Amino acid sequence: MKHKRHEQFHGVVTATPTTFDAGGGLDERRFRDLVEGYVAAGVHGVSVAGSQGEFYVLDAAERLRLMEIAVETVAGRVPVYAGTGTVSTRESIALTRAAESIGVDVAMVITPYFLAPSDRELAEHFRTVAAATALPVLLYNNPPRTGVNATPDVYARCAGAGNVIGVKDSSGDLSQGVEYLLTEAGCTLFSGRDTITMALLAHGAAGAISPAANVFPRLMCRMYDAVRADDLATARRINDALAPLRRAWRLGSFPVVIKEAMAAVGLDPGPARAPISPLPPERRARLNAVVEEIREFERAAVPAISGA
């Protein structure tokens, strides 16, 4: 079951990194250019101030500034998804209300981290934040990073609230993803883990808020279109071609590998904030080789796949 009134929230959404200059400050011009480039590449939305966007090293003013730039740059062409969750309910409400006033389209509220809330406490947290805003709300589940899992049961407890529309699930658990989709109230589900995006799309997920789309937005959009057209052979070819990039994330600390892969295709977002360091030369060379192999696939295959 789908929330028909929220069908505009679908497709490939970039898990957009935050652009920093060499001194670690926000590089607003580069961020604006990055967002514009993604929209031009055909993505269906941009996500800002999420995990790939290093929200955990941004202060509130920086998070809100990124939202402002994204909303201004996108200018209504695609939805803007904004990470508004924090460790506390009170701060999450304040950030979500501020995001609403800026004009974002969707609030992504991550599970409180460091804490170990019960399912009842988690559900109450999400319901309270959702009640404080008119924005559609996605529960953002990323247990590998937060240590907290918003289970399908937690989502089911929240789905009765009219503006809790779904989940961005980065758990990597395909079974759990399918269970979200089977919730009686329906679920607008976004995959946050590229390794299972194709499978979740085939099961009926709305889309992906994708790290790989930061590097290869057109290729991810081709895969999404192929699944929607029930052309699973084409989708599988693209999925398999992207697999080495997913494995390459292990070459360094999150999220520097993604940023360096972007630099390899000419979309350099600058460094990650300390304490995360650049890749050593040998690992960068390995990453660049992976990226170049996928670029060759894209140059050879995408025109044939798209009929161009």
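Residues numbered from 1 in each chain as written. Predicted model: local features only at pLDDT ≥ 70, side-chain atom pairs only at ≥ 80, totals over all residues. Heavy atoms only, no water.

Caption draft 1: Region of interest: unusual backbone geometry. In this structure, Pro255 follows Phe254 across a cis peptide bond, with omega equal to -5°. Following the sequence through the fold, Pro255 ends up in the loop between helix H10 (232-248) and helix H11 (256-264). Following Ala274, the chain continues to Pro275 via a peptide bond in cis, the omega torsion being 20°. Secondary-structure assignment places Pro275 in the loop between H11 and helix H12 (281-306). (Helix = DSSP H or I, 4+ residues; strand = E, 2+ residues; numbered from the N terminus.)

Caption draft 2: A look at the pairing of strand S2 (residues 45-48). Of the two faces of S2, the one carrying Gly45 and Ser47 and the one carrying Val46 and Val48 are both buried. Alignment of S2 against strand S3 (residues 80-83), held across three bridges, turns out to be parallel. Within the sheet, the bridge partner assigned to Val48 lies in S3 and is Ala82. (Buried < 20%, exposed > 50% of the residue type's maximum accessible area, 1.4 Å probe, protein only. Pairing = 2+ DSSP bridges.)

Caption draft 3: Summary view of the pairing of strand S5 (residues 137-141). Extensive coverage of S5 is indicated by the burial of five of its five residues. With burial as the criterion, each face of S5 is covered, one bearing Val137, Leu139 and Asn141 and the other bearing Leu138 and Tyr140. The β-α-β motif built from strand S4 (residues 106-110), the intervening helix H4 (residues 119-131) and the parallel element S5 has right-handed crossover chirality. (Right-handed = clockwise from strand over helix to strand, strands pointing away.)

Caption draft 4: Representation of H4 within the structure. The terminal C-alpha atoms of H4, which comprises 13 residues, lie 18 Å apart, in line with the 18 Å expected from a rise of 1.5 Å per residue. Listed as buried for H4 are Leu122, Ala123, His125, Phe126, Val129 and Ala130. Seen end-on, H4 carries its buried residues on one side only, within an arc spanning 155°. Every exposed residue of H4 that faces more than 90 degrees away from the buried side is listed here: Arg120 and Ala131. Against helix H3 (89-102), S4, S5, helix H6 (152-158) and strand S6 (164-169) lie the buried residues of H4. (Expected span 1.5 Å × (residues − 1). Arc of directions from axis to C-beta. Contact = heavy atoms within 4.5 Å.)

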